[in-house]
Amino acid sequence: MSSGPLLIDVAGPRLGPSDIERLRHPLVGGVILFSRNFTSRRQLSSLVASIRQVRTQPLLITVDHEGGRVQRFRDGFTAIPPMSTLGEWWARDPLDACSEATRLGRVIGRELRALDIDLSYTPVLDLEHERSAVIGGRAFHGDPRVVTLLAQSLMHGLLRSGMAHCGKHFPGHGWAQADSHHELPVDERSLDEILAADAAPYGWLRESLLAVMPAHVRYPAVDAQPAGFSSVWLRSILRERLRFDGVIISDDLAMEGAAVAGDIVHRARAALGAGCDLLLVCNRSDFVDRLLGELRWRPPAGWARRVQRLFARASLD
């Protein structure tokens, strides 16, 4: 299992000395890969192997590989369509759409696991409200029941291939219009409205989801803090009300939507305090270095069990 809560990136297609030094730090528990880390399947296989060799304790190796415009590796990989195409398929034949979702999950999982990658940050469980440009075609559908069934099928295919997954962005990013990469989106709806629609798939899928990523979105009718920094959303609602017992992985703490929590150290402390198990910090090596120097962390009760289970279930085929 991973040793610490930080999931960090590496600079390029090969590890440099600074990458190796960071990956050896006990606060680092895994890596997220980007398009800049990929030139070919052979090169990527070599990079992953070199990451594995840095430490004897395994690191979780992850990637955003949803399909559509969010697919980090392309040359030599199957082009995965945006998930909205499955929602369109559902309108013609629901059972056939579920079968295709399972097939795509197996393709994603098989191709990534062949290169020893553990987890893809998919499925997107956001609803298509035709309001959010950053979500758009990444969403399966506007009906939470359809989203749930298609996501369940996709996850089944992923797990059949030995690939772990992460549902996102809890409790829903589809209604808020702003892009959390650049600003803090706000969703003014009531808790009852959100639970009845956008958050419903998380409750229905609680026995299947291995991990959940909260949104850098503020829901002022529920809490002043964005969901990823809110113990109301993560502990009271996701853990207690919806009974989710898997891993909670923060969205990228370097995004502008996270800046409301302060500097990077305050962001990390706020996310951990709210209930996140693992923290993504991307595209800012200076942020990573600050955390490695200043963050003090001890695994809370249940942390090791949850993260170890993520590793174990990802290896099932």
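Below or above, wherever it landed, is the structure these notes cover.

1. Some remarks on the packing of helix 3 (residues 84–92) against helix 4 (residues 94–113)
Part 1: Running from N to C, helix 3 and helix 4 point in directions that differ by 150°, and their axes come no closer than 6 Å. Classified by the angle their axes make, helix 3 and helix 4 are roughly antiparallel. Residue-level inspection shows L86, W89, W90 and R92 of helix 3 in contact with helix 4, the latter providing P94, D96, A97, C98, E100, A101 and L104.
Part 2: Looking at the contact of helix 3 with helix 4 residue by residue, the class counts come to eight nonpolar, no polar and three charged.

2. Quick word on the pattern of salt bridges
Part 1: Counted by the stated rule, this structure contains 21 salt bridges.
Part 2: Here D9 ties to R36 by a salt bridge, and the two come within 2.5 Å at their closest N and O atoms. With a gap of 27 residues between them, D9 in the loop between strand 1 (6–8) and helix 1 (17–23) and R36 in the loop between strand 2 (28–33) and helix 2 (41–54) connect regions that are remote in the sequence.
Part 3: Judged by relative accessible area, D9 falls into the buried class, the value being 11%.
Part 4: For R103, the salt bridge goes to E100, with nearest N and O atoms at 2.8 Å. One end of the pair, R103, and the other, E100, are both in helix 4, three residues apart, so they sit about a helical turn from each other.

3. A closer look at unusual backbone geometry
Negative phi is the rule for most residues except glycine; trans is the rule for most peptide bonds.
Part 1: Omega for the bond connecting K168 with H169 falls within 30 degrees of zero, at 0°, which places this linkage in the cis form.
Part 2: Turning to its location among the elements, H169 is positioned in strand 8 (residues 167–170).
Part 3: Not every positive phi belongs to a glycine, and D116 is a case in point at roughly 70°.
Part 4: Relative to the helices and strands, D116 is located in the loop between helix 4 and strand 6 (119–120).
Part 5: Located in the positive-phi region is R243, a residue other than glycine, with phi close to 60°.
Part 6: Tracing the backbone through its elements, the reader meets R243 in the loop between helix 8 (231–241) and strand 10 (247–248).
Part 7: A relative accessible area of 52% means that R243 is categorised as exposed.

4. Some words on the sheet that holds strand 9 (residues 211–214)
Part 1: Across the sheet, three strands lie side by side as 8-9-10; this open sheet has parallel pairing. Both edges of this open sheet fall to strand 8 and strand 10, since each of them pairs with a single strand only.
Part 2: One ladder, built from three bridges, connects strand 8 with strand 9; its direction is parallel. Looking at the pairing, F170 lines up with P214 of strand 9.
Part 3: Contacts from helix 8 reach strand 8, strand 9 and strand 10 within the one sheet, and its direction differs from that of strand 8 by about 125°.

5. Looking at the nonpolar core
Part 1: Core analysis: the biggest nonpolar cluster contains 106 residues, and L23, L33, L44, I117 and F170 have the highest contact counts within it.
Part 2: Setting aside chain neighbours within four positions, we find F170 in contact with A199, Y202, V212, M213, P214, A215, A227, W233, L234, I237, L238 and L242.

6. A look at the packing of helix 3 against helix 5 (residues 144–160)
Part 1: Close contact between helix 3 and helix 5 brings their axes to 11 Å; oriented N to C, the two are set at 110°. Taken together, helix 3 and helix 5 sit at an angle that is classed as roughly perpendicular. Contacts between helix 3 and helix 5 pair L86, G87 and W90 from the former with V146, L149 and L150 from the latter.
Part 2: Residue classes in the contact of helix 3 with helix 5 are distributed as five nonpolar, one polar and no charged.

7. Considerations on the environment of Q57
Part 1: Along the chain, Q57 turns up in the loop between helix 2 and strand 3 (60–63).
Part 2: Residues Q57 and R24, 33 residues apart in the sequence, show an inter-C-alpha distance of 9.7 Å.

8. Description of the side chain of H169
Part 1: Residue H169 is classed as buried on the basis of its relative accessible area, which comes to 6%.
Part 2: Discounting residues that sit within four places of it in the chain, H169 has contacts with D126, I135, R138, Y202, M213, P214, A215 and D251.

9. Overview of helix 4
Part 1: Compared with an ideal rise of 1.5 Å per residue, which puts 20 residues at 28 Å, helix 4 spans 28 Å between its outermost C-alpha atoms and is within 8% of the ideal.
Part 2: All of the buried residues along helix 4 are A97, C98, E100, A101, T102, L104, G105, V107, I108, G109, E111 and L112.
Part 3: Those residues of helix 4 hidden inside the fold are in contact with helix 2, strand 3, strand 4 (65–67), helix 3, strand 6 and helix 5.

Cut-offs and rules
Residues numbered from 1 in each chain as written. Predicted model: local features only at pLDDT ≥ 70, side-chain atom pairs only at ≥ 80, totals over all residues. Heavy atoms only, no water. Axes fitted to C-alpha atoms, helices over the stretch in contact; angles between N-to-C directions. Helix = DSSP H or I, 4+ residues; strand = E, 2+ residues; numbered from the N terminus. Parallel < 35°, antiparallel > 145°, perpendicular 65-115°, else oblique. Contact = heavy atoms within 4.5 Å. Nonpolar A, V, L, I, M, F, W, Y, C, P; charged D, E, K, R; others polar. Salt bridge = Lys/Arg side-chain N within 4 Å of Asp/Glu carboxyl O. Buried < 20%, exposed > 50% of the residue type's maximum accessible area, 1.4 Å probe, protein only. Pairing = 2+ DSSP bridges. Core = buried A, V, L, I, M, F, W, Y, C linked by side-chain atoms within 4.5 Å. Expected span 1.5 Å × (residues − 1).

Distances and angles like these do not, on their own, reveal function.
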